[in-house]
Amino acid sequence: MKPDDPAIRWVKPPELGLTGRMYLPLVLQGVTTTVRHLFSPKVTQEYPEVEPPIGNPLIYRGVHRLNRDEQGRVKCVACFLCATACPAHCIDIVAAESPWPDRDKYPESFVIDELRCIYCGMCEEACPVDAIELTSLYNLTGRSREEMFFDKEKLLSVYDQTKDREPSAMERQQQAAEDQQK
Amino acid sequence: MTALLVKSVILLGGLLTAVAYLVLLERKVAAWIQDRRGPNRVGIPFTKIRLFGLGQPIADGLKFLFKEEYTPGHVDRAMYTLAPLVIFTAALATFAVIPFGHVVPVGGKAEPLVVAPGVDVGILYVFAVSSIAVYGVILGGWASDNKYSFLGAMRSSAQLIAYEIPLGLGILGVVLLTGTLRLDGMIELQAQSGVWLLLVQPVGFLVFAVAACAEAARLPFDLLECEQELVGGYHTEYTGMKMAMYALGEFLHMLTASVLIVVLYLGGWHFWGLTGTGTEVGWGTALLRVAVFWAKVMLVVLGFMIIRWSWPRFRFDQLMNLAWKVMVPLGLVNLVATAVLMEFWPRALTEHPWATAGAMWALALGTVGLWAALSPVGSQSQARRGPDEFSMRRVETPAA
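Residues numbered from 1 in each chain as written. Chains lettered and ligands numbered in written order. Predicted model: local features only at pLDDT ≥ 70, side-chain atom pairs only at ≥ 80, totals over all residues. Heavy atoms only, no water.

Draft legend 1. Structural context of the overall build of chain B. From N to C terminus, chain B includes 14 helices and three strands. For chain B, the C-alpha radius of gyration of 23 Å lies close to 21 Å, the compact-globule estimate for 400 residues. Buried positions account for 50% of the 400 residues belonging to chain B. Across chain B, contacts joining residues at least 24 apart in sequence account for 76% of those joining residues at least 6 apart. When the 28 positive and 26 negative side-chain charges of chain B are each reduced to one mean point, those points stand 8 Å apart. (Helix = DSSP H or I, 4+ residues; strand = E, 2+ residues; numbered from the N terminus. Rg over C-alpha atoms; globule rule 2.2 N^0.38 Å. Buried < 20%, exposed > 50% of the residue type's maximum accessible area, 1.4 Å probe, protein only. Contact = heavy atoms within 4.5 Å. Lys, Arg positive; Asp, Glu negative; His and termini not counted. Charge placed at Lys NZ, Arg CZ, Asp CG, Glu CD.)

In structure tokens form, the structure reads like this:
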């Protein structure tokens, strides 16, 4: 495209006012902005001391937990729906015959590879008995890969740790029913 | 002899500590201006005490000490090693004649707080020595055998030469007014008349401050090491302690520029109704003067840092425009006005200081106003590629 191309429209930039031409008043204006920011409140979060807000903890997708039922047993029925739904194949379940009369199977071992998990929450959606849920724990760390394989006991302990803050879906339903009765 | 040693040790120790903390201050101010908090984790080593990050300089220094000192194979070894030494030594040697206070009463007589007292050509010495720093930059850029280093060095030589002139013009005004080249003499004159030269030399101050900023290669004048264009500029190929020496040299330059501004224009250790003016002082007043002096220097340094975050970097042609078309004429105006003043009213400053100051400020405002009317500074930075009028800008519209 050449400078005399008819498709180019030439416009004049706005004229500088007197302050603009004197330059120094605008300099002063710029410095004022800088100084204002020098004393303005800071936006940095001091992370380990101040935890970031995480919105609604009930829908946050952090570390998994395995819920317990009313008798404190693992709620999972080892149906493998979560392992099937998992796109990252990070759930490893070994099923065994249930020692309890109310279900056929229970997980003898239930291991989630937290390093492999992509925290999509599809296990939670697939679960027919609301046994596996994602909590709002986001600061998951470990010193080795082995440490990041969460077994059944570890996942149940996550439940114990978070149940008061984040009641499970079933507990919330029961709570709602009780409220309605009142 | 002992006095000399004691003063040297105090000055060197103080300067190097101050520079280490200037790095921290720079990072803090940068963070605050960007609405961040800045480094605040490092405190006393091996404890959990943080002290608002005041331990950061120790961590920085240790990091530089333990870094691998890598010398690329293609460099000119002798010059490559010499360059940071040159720049660092030159930056430190400047402080030999710079007063860092007024006097202290030792053994019944007033001991001046200068490492080399009584140097009659003080200001000339400062400029002679600080010009050597350019050699450090050019040597480093040349010896690195790297096009980016070399470009940085070439830019620095052009820029520093261009800004030496307004710098000199600014100083000439002060020298004409005070009639001395001694830095302590200039401060004493300002203290005795009670009129800081900023009040009498507004144009000179402006020219000198801008030129000093350019000489110290601070943003917006840091074209010699701009990361976006030249990787690291003249110190691209440097690591470890050599790199640290370049960094220290830069901060020392900023400190030199700030100290000179304070000495020449802001009254040195003098403050109205606080420090007195005589040389017969007790320890209290003497230390108060030192404190006032360094407080002023710190304020100027803070000013440099605020300016750094207020401007974008100049383009090279804008840089040259500013030096040759703005700063040199302004400096000349100031110089001529001062020369006329001293020729016809040689005692104006001592007898009618405030009237003189008023007249000079009127002149300054008049000059800037006239400047605005005749040659708008802003229009010089716009692109000149229109068909007829050079100030047109192109907007593309779809063909009808």
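Draft legend 2. A look at the overall build of chain A. Helix and strand counts for chain A come out as six helices and six strands. If you list the helices and strands of chain A from N to C, you get β-α-α-β-α-β-β-α-β-β-α-α. Rg of the C-alpha trace for chain A: 29 Å, well past the compact-globule value of 16 Å for 182 residues, more than 25% over. Referenced to the eigenvectors of the C-alpha coordinate spread, the extents of chain A come out at roughly 90 × 45 × 45 Å. When each of the 182 residues of chain A is scored for burial, the buried share is 34%.

Draft legend 3. Region of interest: the environment of Leu22 of chain B. All names here are of chain B. Here Leu22 lies in helix H1 (residues 2–33). Classification of Leu22 by relative accessible area gives buried; the value is 2%. Sequence spacing of Leu22 and Leu113 is 91 residues, and the spatial spacing of their C-alpha atoms is 22 Å. If sequence neighbours within four positions are ignored, Leu22 has contacts with Phe251, Met254, Leu255, Met298, Val301 and Met305.

Draft legend 4. Structural view of a nonpolar patch on the surface. Residues and elements named next belong to chain B. Residues Tyr21, Ile44, Ile49, Leu51 and Leu54 make up a contiguous nonpolar surface patch of roughly 410 Å² in combined accessible area. Relative to the helices and strands, Ile44 is located in the loop between H1 and helix H2 (56–66). Under the relative-accessibility criterion, Ile44 is labelled partly exposed at 38%. (Patch = residues over 30% accessible without salt bridge, like charges linked within 9 Å, V, L, I, M, F, W, Y side chains within 5 Å. Areas by Shrake-Rupley, 256 points an atom, 1.4 Å probe, with all protein chains shown as cover. Salt bridge = Lys/Arg side-chain N within 4 Å of Asp/Glu carboxyl O.)

Draft legend 5. Just the state of the cysteines, in detail. The final tally for this structure, using the stated rule, is zero disulfides over all chains. Of the cysteine sulfurs around Cys82 of chain A, a residue in no disulfide, the closest is that of Cys76 of chain A, at 6.2 Å. (Disulfide = S-S within 2.5 Å.)

Draft legend 6. Spatial organisation of the packing of aromatic side chains. Residue and element names in this part refer to chain B. Here the structure, examined in full by the defined rule, presents 14 aromatic pairs over all chains. Consider the rings of Phe208 and Tyr265, whose centres lie 5.6 Å apart with planes at 50°: the pair is tilted. Separated by 57 residues along the polypeptide, Phe208 in helix H8 (residues 202–215) and Tyr265 in helix H10 (residues 240–265) bring together distant segments of the chain. Overall, the relative accessible area of 1% leaves Phe208 in the buried class. You can call Tyr265 buried: its relative accessible area is 0%. (Phe/Tyr/Trp six-rings, centres within 6.5 Å; stacked < 30°, edge-to-face > 60°.)

Draft legend 7. How the structure looks around helix H4 (residues 122–143) of chain B. When the terminal C-alpha atoms of H4 of chain B are compared, their 32 Å separation across 22 residues agrees well with the 32 Å that a helix rising 1.5 Å per residue should span. With its phi angle positive at about 55°, Asp145 of chain B sits one or two positions after the end of H4 of chain B. (Expected span 1.5 Å × (residues − 1).)

Draft legend 8. Highlighting empty space enclosed by the protein. Residue and element names in this part refer to chain B. Per the stated rule, a full pass over the model turns up four cavities of 30 Å³ or more. When its volume is computed, the largest cavity comes out at roughly 270 Å³. Lining of the largest cavity is provided by 21 residues; of these, Ser130, Ala212, Glu215, Ala216 and His253 occupy positions nearest its centre. Elements with a contribution of two residues or more to the lining of the largest cavity: H4, helix H5 (147–178), H8 and H10. With six residues, the top contributor of residues to the lining of the largest cavity is H4. (1 Å grid on protein atoms, 1.4 Å probe; cavity = no way out; pocket = protein on both sides within 12 Å on 5 of 7 lines; lining within 4 Å. Points joined across faces, edges and corners; volume = space filled by probe spheres on them.)

Draft legend 9. Expanded view of the nonpolar core. Counting 86 residues, the largest nonpolar core has Tyr163, Leu183, Phe208 and Phe221 of chain B as its most contacted members. Of the residues forming this core, the biggest block, 13 residues, is contributed by H10 of chain B. Sequence-distant contacts of Phe208 of chain B, defined by excluding residues within four places in its chain, comprise Phe127, Leu167, Ile171, Leu260, Ile261, Leu264 and Tyr265 of chain B. Residues Ala83, Ala96, Cys117 and Val158 of chain A belong to the second largest nonpolar core, which totals 27 residues. (Core = buried A, V, L, I, M, F, W, Y, C linked by side-chain atoms within 4.5 Å.)

Draft legend 10. Structural view of the layout of surface pockets. Empty space within the largest pocket amounts to approximately 1300 Å³. Lining the largest pocket are 40 residues, with Leu24 and Val27 of chain A together with Phe205, Leu206 and Ile307 of chain B positioned closest to its centre. Looking at the lining of the largest pocket, the elements with two or more residues in it are helix H1 (18–22) and helix H2 (24–39) of chain A together with H8, helix H11 (283–308), helix H12 (316–344) and helix H14 (353–374) of chain B. Its residues placed into classes, the lining of the largest pocket shows 37 nonpolar, two polar and one charged. In this model, the second largest pocket occupies a volume close to 1100 Å³. (Nonpolar A, V, L, I, M, F, W, Y, C, P; charged D, E, K, R; others polar.)

Draft legend 11. Local environment of unusual backbone geometry. Residues other than glycine seldom take positive phi values, yet Ala78 of chain A does so here, at roughly 55°. Among the secondary structure elements, Ala78 of chain A is positioned in the loop between strand E2 (64–66) and helix H3 (81–85).

Draft legend 12. View of the pattern of salt bridges. Counting across every chain of the model gives 18 salt bridges over all chains. For Arg37 of chain B, the salt bridge goes to Glu46 of chain A, with nearest N and O atoms at 3.1 Å. Placement of Arg37 of chain B in the loop between H1 and H2 and of Glu46 of chain A in the loop between H2 and E2 is noted, with the two residues assigned to different chains. A salt bridge links Glu26 of chain B to Arg308 of chain B; its shortest N-O distance comes to 2.8 Å. Residue Glu26 of chain B is found in helix H1, and its partner Arg308 of chain B is found in helix H11; the two are separated by 282 residues along the sequence. Among the residues examined, Arg308 of chain B registers a relative accessible area of 22% and is labelled partly exposed. Taken together, the salt bridges that share partners define one network made up of Glu46 and Glu49 of chain A together with Arg37, Arg41 and Arg50 of chain B.

Draft legend 13. Structural context of the sheet that holds strand E3 (residues 91–97) of chain A. Residues and elements named next belong to chain A. An order of E3-E4-E6 is seen for the three strands of this open sheet, with the pairing classed as antiparallel. The open sheet has two edge strands with one neighbour each: E3 and strand E6 (149–150). Looking at chain direction, E3 and strand E4 (residues 105–113) are connected through seven bridges and run antiparallel. For Ile93, the partnering residue across the bridge sits in E4 and is Phe110. (Pairing = 2+ DSSP bridges.)

Draft legend 14. Structural view of H8 of chain B. Residues and elements named next belong to chain B. In this model, H8 (14 residues) spans 20 Å end to end at C-alpha, consistent with the 20 Å of a helix rising 1.5 Å per residue. Burial runs high along H8: twelve of the 14 residues are buried. Among the residues making up H8, those that are buried are Pro202, Val203, Gly204, Val207, Phe208, Ala209, Val210, Ala211, Ala212, Cys213, Ala214 and Glu215. Immediately downstream of H8, the backbone of Ala217 shows phi near 55°, a positive value.

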